[in-house]
Amino acid sequence: MSKIFENIDSKNKYKLLHSFRADTYKFKQNESIINTVNENNVLCLITKGSVNLIRNNETGNNYIVERIDEDNILGSFIYSINEIDFDIITNEETEIISMNYYDLLNYRGKNKNYNTFIKNIFQVLSAKTKENNERINIL
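Worth saying up front: this structure is predicted, and the values here are computed from it rather than measured. (Residues numbered from 1 in each chain as written. Predicted model: local features only at pLDDT ≥ 70, side-chain atom pairs only at ≥ 80, totals over all residues. Heavy atoms only, no water.)

Points about the overall build of the chain
Filter applied, for reference: Helix and strand assignments come from DSSP, with helices taken as H or I runs of at least 4 residues and strands as E runs of at least 2, each series counted from the N terminus. Based on C-alpha atoms, the radius of gyration is set beside the globule rule, defined as 2.2 Å times the residue count to the power 0.38. Think of it in three bands: with a 1.4 Å probe and only protein chains considered, a residue is buried below 20% of the maximum accessible area for its type, exposed above 50%, and partly exposed in between. A 1.4 Å probe and the Shrake-Rupley method give the accessible areas. Residues count as covered only by the protein chains that appear here. His is not counted, nor are the chain ends; Lys and Arg add positive charge and Asp and Glu add negative charge. Positions of charges follow a simple convention, taking NZ of Lys, CZ of Arg, CG of Asp or CD of Glu.
Looking only at helices and strands, one finds four helices and seven strands in the chain. Ordered by position in the sequence, the α and β elements of the chain form the string α-β-α-β-β-β-β-β-β-α-α. Taking 2.2 N^0.38 as the reference for a compact globule, 139 residues should give roughly 14 Å; the C-alpha atoms of the chain span a radius of gyration of 15 Å, in line with that estimate. Projected onto the principal axes, the alpha-carbon positions of the chain cover approximately 50 × 30 × 25 Å. When burial is assessed residue by residue, the chain has 42% of its 139 residues classed as buried. Split by element, the accessible area of the chain, about 8,500 Å² in all, is 46% carbon and sulfur. For the chain, the centre of its 17 positive side-chain charges and the centre of its 19 negative side-chain charges are spaced 10 Å apart.

This is the structure in structure tokens:
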């Protein structure tokens, strides 16, 4: 799977994130991050650690729907989640970069790494879609 910041040096990575008004959040192990991820129009990049997407069913039982690892993407537009039926819990110390995806899509700056960043995001999303389609076929 492609890495989100592949072929982008640290200096340009931080310039890009600043342009998108991105926020970095650090979480401890077993911490709920549903409020951070479930905001409207937010794209979250897991840059360190991993989380479990947990479904809470009608009988009060919880089960892990998916483990989402480092260099992956979360967001309310990717997963149809709500705070009543789902929770997202960190498996370890986890770092997430959160940004408004409209800021990302409407970027008009001149950072030469923007296209590389967008390409990397699409590669991650494409791999995620392929993985989910394989799960559906198995089920």
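Back to the write-up after that little detour.
Considering helix α4 (residues 114-138)
The criterion, for reference: Under the convention used throughout, the expected extent of a helix is 1.5 Å for every residue step, that is, one less than its residue count. We call two residues contacting when some pair of their heavy atoms lies within 4.5 Å.
Over its 25 residues, α4 runs 36 Å from end to end, which matches the ideal 36 Å to within 8%, given 1.5 Å per residue. Along α4, the residues classified as buried are Y114, F117, I118, N120, I121, V124 and K128. Where the residues of α4 are buried, they touch α1 (10-19), β2 (42-48), β4 (62-69), β5 (72-74), β7 (94-100) and α3 (101-105).

Notes on the nonpolar core
Under the convention used in this document: By convention a nonpolar core is built from buried Ala, Val, Leu, Ile, Met, Phe, Trp, Tyr and Cys residues, the set being connected through side-chain atoms within 4.5 Å.
The biggest cluster of nonpolar side chains holds 19 residues, and the ones touching the most others in it are F20, L43, L45, M99, L104 and F117. Those elements that provide at least two residues to this core are α1, β2, β7, α3 and α4. Looking at this core, the element that brings in the most residues is α4, giving five residues. Look past the residues within four positions of L104 in its chain and what remains in contact with it is F20, L43, M99, Y114, F117, I118 and I121. Counting residues in each nonpolar core, the second largest holds 16 residues, with F27, V51, L74 and I88 among its members.

Examining the pairing of β4
Stated precisely, the cut-off is as follows: When DSSP locates at least two bridges between a pair of strands, those strands are taken to pair.
As paired strands, strand β3 (residues 50-56) and β4 are joined by seven bridges and run antiparallel to one another. Following the sheet pairing, I54 is matched in β4 by I64.

Brief notes about α1
To keep it simple, the criterion reads: Working definition: the arc comes from the directions between the helix axis and the C-beta atoms, pointing outward to the latter. Pairing of N or O atoms within 3.5 Å defines a polar contact, subject to two protein rules: one partner must be a possible hydrogen donor and the other a possible acceptor, and residues neighboring in sequence count only if both atoms are side-chain atoms.
Of the positions making up α1, those classed as buried are N12, K13, L16 and L17. Looking straight down α1, one finds that the buried residues subtend no more than 135° of arc, so they occupy a single side. Across α1 from its buried face, at more than 90 degrees, point the exposed residues K11, Y14 and H18. Turning to α1, the residues buried within the fold contact β7 and α4. Two or three places before K11, at the start of α1, stands the capping residue D9, its side-chain oxygen 3.3 Å from that residue's backbone nitrogen.

Structural notes on the sheet that holds strand β1 (residues 23-27)
Pairing between sheet strands relies on hydrogen bonds along the backbone, with the strands arranged either parallel or antiparallel. Counted only if it meets this: Here an angle of 0 to 180 degrees is reported between the N-to-C directions of two axes, which are lines fitted to C-alpha atoms, with helices fitted over the stretch in contact.
Taken together, the four strands give an open sheet; going across it, the order is β1-β7-β2-β5, and neighbouring strands pair in antiparallel fashion. Bordering the open sheet on either side are β1 and β5, each of which pairs with just one other strand. Averaged over all adjacent pairs, the angle separating strand axes in this sheet is 30°, with direction ignored. With five bridges joining them, β1 and β7 adopt antiparallel strand pairing. Residue pairing in the sheet places Y25 in a bridge with I96 of β7.

What is shown is where atoms sit, not what they do.
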